[in-house]
Amino acid sequence: MAAAGARAVHGRAGLSDSQFALTIVGAVTLFNVVVIILPLIYSAWISLYETNVILRKEHFVGGKHFAKLLADPAVVNAITISLQFTAISVVLSLLIGLGIALVLNEPFPGRGVLRAVVLLPWAVSEVVTATMWIFIVNPTFGGLNGILAPLGIVSPSFDWLSEHAAIYWVAIAFVWHIAPLGAFFFLAALQTVPADLYRAARIDRAGAVARFFHITLPHIKYVVLIVLVVVTVEAFRGFDLMFAFTRGGPGTSTQIFPLLIFRYTFEFSQYGLATAASYLLIGIALILTTTYFIVLTYRRKETLRVKATAPALAPAVAAEGARV
Amino acid sequence: MLHPRQQVLLWTGAAAVALWSLIPFAGTIWASLMTEGQLVQGLIQWNDRPTISNYLAIFGIGQVSAVFGGQAEAIGRAFVNSIIVSVPVAAVGTAISILGGYAFGRYRFPFKNTLLFTLLTTRVLPPIAVIIPYFVIFASLKMVGNPWGLMLVYLTSVVPLLTWVLMGYFGSLPIDLERAARIDGCSRLGALWHVMIPLASPGIAAAFIIALLMAWNELLFAMVLVGGSPWETLSPALLGLSPNMPGFRTVFVMFAAASILSTIPPLILALVFQRYITGLNLADPLTSQRD
Amino acid sequence: MSAVTIDNVMKTYGDVVAVDSLTLEINNKEFVVLLGPSGCGKTTTLNMIAGLDVPTSGHIRFDGESVEHLPPEKRDISMVFQSIALYPHKSVYENIAFPLRMARGPKREIDSRVRSAAGLLRIEALLDRKPHQLSGGQRQRVALGRAVVRDPSVFLFDEPLSALDAKLRVDMRVEIKKLHERLGATFVYVTHDQVEALTMADRIAVIDGGRLQQYATPDEIYQRPANLIVAKFVGSPSMNFVPGRLIESAGKWRFAGEGLEVSLPEGLLDDPHRSGRSELILGIRPERAALGGTADGTGWVYATEPVGSDLFVDVTFDGPDTIDPRLFKIRTRPDLRLRSGEQVAVTLPLEHLYFFEPDGRRLWPRDGAA
Ligand SMILES: Nc1ncnc2c1ncn2[C@@H]1O[C@H](COP(=O)(O)OP(=O)(O)OP(=O)(O)O)[C@@H](O)[C@H]1O
Ligand SMILES: [Mg+2]
């Protein structure tokens, strides 16, 4: 590929560095924009129409769907659940990710193996993540009841996925899957903390807790923010795990906003409503990320004094995609 | 060097991390080695006769329950489909991203930040938000029920991330090596091919794997674009076995075996390339990049 | 074989002016050294000759032909980088062979040329190694090998010896010079080491702050520095400078600096541009000033530095107990015994004096005078 390309460039000796780069990057970006923006424009158009699937007819309804959505308690409910799920996931991911990183940052025999093991949940799909946690929380044969019921802690066939608790279990499963990413971000940051600082702190008789709060945390706070953004965006826009784990149930207790849109689309064939809701979802996602973006830009300038060459949101947005 | 009390703390922590990461695997693997009759007695029990018949059933070997037969076969086919979809996506996505990452990481040009930002912003979009237009557009282009639409969607979702990752990687390589290649007679693309790509191979390998896993694991687009068709990939096929799927009586042990089987390739890749993947500065290549 | 012309070239990076209106004629087969302190724009200049950087304005010509439209790979040049830049994934053999492979030479010929280049640089035994298995000096030789394996018309060297220890540097200096004689190509060599420049160059271009300060033979640069910057930069240890003013008494003019008074050379004051201004800077090289003698001044020994063949004496005219005094260096016989604080007479021979205007221009010796 490159050999042939190389000769092509030879032919056009006049192409300057920036023309060369712009050509490549322009093509790549254009490809992506076309494949993503065009459908979005199309869906904006759909959202303004009422579709009758049976008669295969459409008529213009303007902002009706948007008005309807905002008045719909199911929408409010779904957004609330989404935010709740996001909040739980963020807190747990930060705690667990940091905990894993702190362990991996210490030298001990077998650390290399543990480092590899930690990455495994990240490599697993959300569908399989759901499977694995179903085998843990299933009331009939699940592992949790299998251990806790004989000890008398819970009654046999205790239902972990009750209306109140289900959201937590899905969040835990999600964190199991995504925390490794955060852990490795944290680990990279921890490894940049100068060891001399810890030695100096020991000489000053600072305890482990004091060292953590006075040395470690200030050094990694920028990464804390990155992980925060990554998990927020992912938790808020994610669909696969929730769909595979609970499908929104029991009742609507885990019906996050993307699941509601899915139901509008594929159960009720309300395409106009669903696309309108999509825009609402995109709007909220953008508000969330922009908020963090502002915080992040500010922090970045403050803590790193790196000139903001690329948009400061970029690292977070990119890192967010590193979840597979 | 550590205090004994700290030693205990550290080992407890390490054990906790290992258990947290591995127990969900262990539980499902354990279930996959049981018969359905055993499993309903509970997952936590000693199984002195573990069976691999569930796995064999997926490959169409041994006696397969009549109800389950079709689904087991579907898993085998989905496995192949997933390979057919994800390998080209990862290869083409990586190739495009090598070019994009090289251009972004190595050159100054007008609108650089705008273009980078545009490219990356597409990643924040919730996938559900584009599912209807994709479905309608691809249906009209006859790209539903076959892998083309799905591959296109996957390609657009891996390219921004991989471009970003490789941009950081190329940016961190010594620029004089590329300049030396130019002096030694290479064009820009020649220098990329002969010098930069070999040097970036760990990053490129990691990028390839990230793309592969993404395409292998994704559910929503797969379900909508190829679900129920002969081109169904693993995630939607697995979902077909899950207890959440209305209309079927779930055979849990089979579900466990299929899940484990589907996750073996990602696990192997993650284990083998762990260093490369975690060595990538996924979060913030900017700080490691010299301009 | 090419003559290289740098014609009024300017290079800016945002607000930073890396190279400022630089004009330089480099003759065919000439060995020209670009000399200047760190950050003065040497690498940038070299990169523009190579085509790795594009001038913001101005032109680069090879044999009178503009090369702006030519990418580096088509300019018929070799370059040795400041960072050495061996390809880490290729063996020494492949590193050296790479330019030939890119030129699609026949295999047999590639092999014989790689081996002869390796022979020239005495690295035949290293051909199978990877760069990380080499010492700094060996890497340097491989980098040179990669440059000489072709016979381009222009060789560019960017501080190729900066990574080496002192002994190896001296050896390699000689080898590069011999290489120049043997290859008969145009050499442009960048360094911030004035000894390298003085020993190797046909002509030296002294650059500071992106501007050309002087372009002349090593001898000329050393003997007749064009200005204060060149005078400061060339010569080791550096020239002594004493600011002072002109004083007249009984019709005779003298220069009076701190602790020093010398009568002025014949003809210095004839310069019509000088009228009305009396400030001057006197310069003299350490090896030209002397202890004892007619005593143009009296100072105190501040410190002595024996270097084996010579003794350098730091003299201060500020008084015996001044903290952080201004020092005046004098080279003298190694067997001289001097105590710190001892009072000494200092003599400045008239024929070795330099005078500079406060703005840096050399006033004396006059241009064109013998
Ligand atoms: N890519 C760049 N962007 C911005 N400024 C640059 C760039 N390259 C060089 N400069 C600036 O241009 C000036 C000249 O740089 P150059 O590398 O030519 O110096 P040099 O003489 O080779 O120094 P050294 O002896 O340290 O190698 C410096 O002030 C440098 O900071
Ligand atoms: Mg330089």
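Here is what the cut-offs are and how they apply
- Residues numbered from 1 in each chain as written.
- Chains lettered and ligands numbered in written order.
- Predicted model: local features only at pLDDT ≥ 70, side-chain atom pairs only at ≥ 80, totals over all residues.
- Heavy atoms only, no water.
- Donors = N, O, S within 2.8 Å, 3.2 Å for Na, K, Ca; no water.
- Helix = DSSP H or I, 4+ residues; strand = E, 2+ residues; numbered from the N terminus.
- Buried < 20%, exposed > 50% of the residue type's maximum accessible area, 1.4 Å probe, protein only.
- Expected span 1.5 Å × (residues − 1).
- Contact = heavy atoms within 4.5 Å.
- Domains from an automatic or database assignment.
- Buried area = accessible area lost by both parts, 1.4 Å probe.
- Salt bridge = Lys/Arg side-chain N within 4 Å of Asp/Glu carboxyl O.
- Nonpolar A, V, L, I, M, F, W, Y, C, P; charged D, E, K, R; others polar.
- Near = heavy atom within 4 Å.
- Polar contact = N/O pair within 3.5 Å; in protein donor to acceptor, adjacent residues only side chain to side chain.
- Areas by Shrake-Rupley, 256 points an atom, 1.4 Å probe, with all protein chains shown as cover.
- Pairing = 2+ DSSP bridges.
- Axes fitted to C-alpha atoms, helices over the stretch in contact; angles between N-to-C directions.

1. A look at the coordination of the magnesium ion (ligand 2)
Residues and elements named next belong to chain C.
Step number 1: Of the protein atoms, only Thr-43 (OG1) and Gln-82 (OE1) coordinate the magnesium ion (ligand 2), at distances of 1.8 to 2.5 Å. With a gap of 39 residues between them, Thr-43 in helix 1 (residues 42-50) and Gln-82 in the loop between strand 6 (77-80) and helix 2 (92-102) connect regions that are remote in the sequence.
Step number 2: Among the residues examined, Thr-43 registers a relative accessible area of 26% and is labelled partly exposed.

2. Brief notes about helix 4 (residues 136-148) of chain C
Step number 1: Given a rise of 1.5 Å per residue, 13 residues ought to cover 18 Å, and the 19 Å separating the end C-alpha atoms of helix 4 of chain C matches this to within 8%.
Step number 2: Of all the 13 residues making up helix 4 of chain C, 10 are buried; the element is thus mostly covered by neighbouring parts of the structure.
Step number 3: Looking only at helix 4 of chain C, the buried set comprises Gly-137, Gln-140, Arg-141, Val-142, Ala-143, Leu-144, Gly-145, Arg-146, Ala-147 and Val-148 of chain C.
Step number 4: Where the residues of helix 4 of chain C are buried, they touch helix 8 (175-183) of chain B together with strand 6, helix 2, helix 3 (107-120), strand 7 (154-158) and helix 5 (166-183) of chain C.

3. A short note on the domain arrangement of chain C
Residues and elements named next belong to chain C.
Step number 1: Domain annotation of chain C identifies domain 1 (4-231) and domain 2 (240-364).
Step number 2: Taken over C-alpha atoms, the centre of domain 1 sits 39 Å from the centre of domain 2.
Step number 3: Counting from both sides, the interface comprises eight residues of domain 1 and, opposite them, nine residues of domain 2.
Step number 4: For the pairing of domain 1 and domain 2, the buried interface totals around 840 Å² over both sides, and the portion due to carbon and sulfur atoms is 49%.
Step number 5: For the interface between domain 1 and domain 2, the tally reads zero salt bridges.
Step number 6: Those elements that place two or more of their residues in the side of domain 1 that touches domain 2 are helix 7 (218-223) and helix 8 (228-233).
Step number 7: When its residues are assigned to classes, the side of domain 1 that touches domain 2 shows five nonpolar, two polar and one charged.

4. Let's talk about the site of ligand 1
Residue and element names in this part refer to chain C.
Step number 1: Taken together, Tyr-13, Ala-18, Ser-38, Gly-39, Cys-40, Gly-41, Lys-42, Thr-43, Thr-44, Gln-82 and Glu-159 are the residues near ligand 1.
Step number 2: Between ligand 1 and Cys-40, the relevant distance is 3.2 Å, taken from an oxygen atom to a main-chain nitrogen or oxygen of the residue.
Step number 3: Here an oxygen atom of ligand 1 and a side-chain polar atom of Thr-44 are 2.5 Å apart.
Step number 4: Contact with the protein chains removes 66% of the 630 Å² of surface that ligand 1 exposes when unbound.
Step number 5: Per-element accounting of the shell around ligand 1 gives the leading share, three residues, to helix 1.
Step number 6: When the residues that make up the shell around ligand 1 are grouped by side-chain class, the tally is three nonpolar, six polar and two charged.

5. Let's talk about the sheet that holds strand 8 (residues 186-191) of chain C
Residues and elements named next belong to chain C.
Step number 1: Pairing is mixed across the open sheet formed by six strands, whose spatial order is 6-7-8-3-9-10. Sheet topology places strand 6 and strand 10 (211-216) at the edges, where each strand pairs with a single neighbour. For this sheet, the mean angle separating the axes of adjacent strands, direction not counted, is 15 degrees.
Step number 2: Summarising the sheet, strand 3 (residues 31-35) and strand 9 (residues 203-208) pair through four bridges and their orientation is parallel. If you follow Val-33 over to strand 9, its bridge partner there is Ile-204.
Step number 3: Here helix 4 sits on the sheet and contacts strand 6 and strand 7; the angle it forms with strand 6, its principal contact strand, is near 175 degrees.

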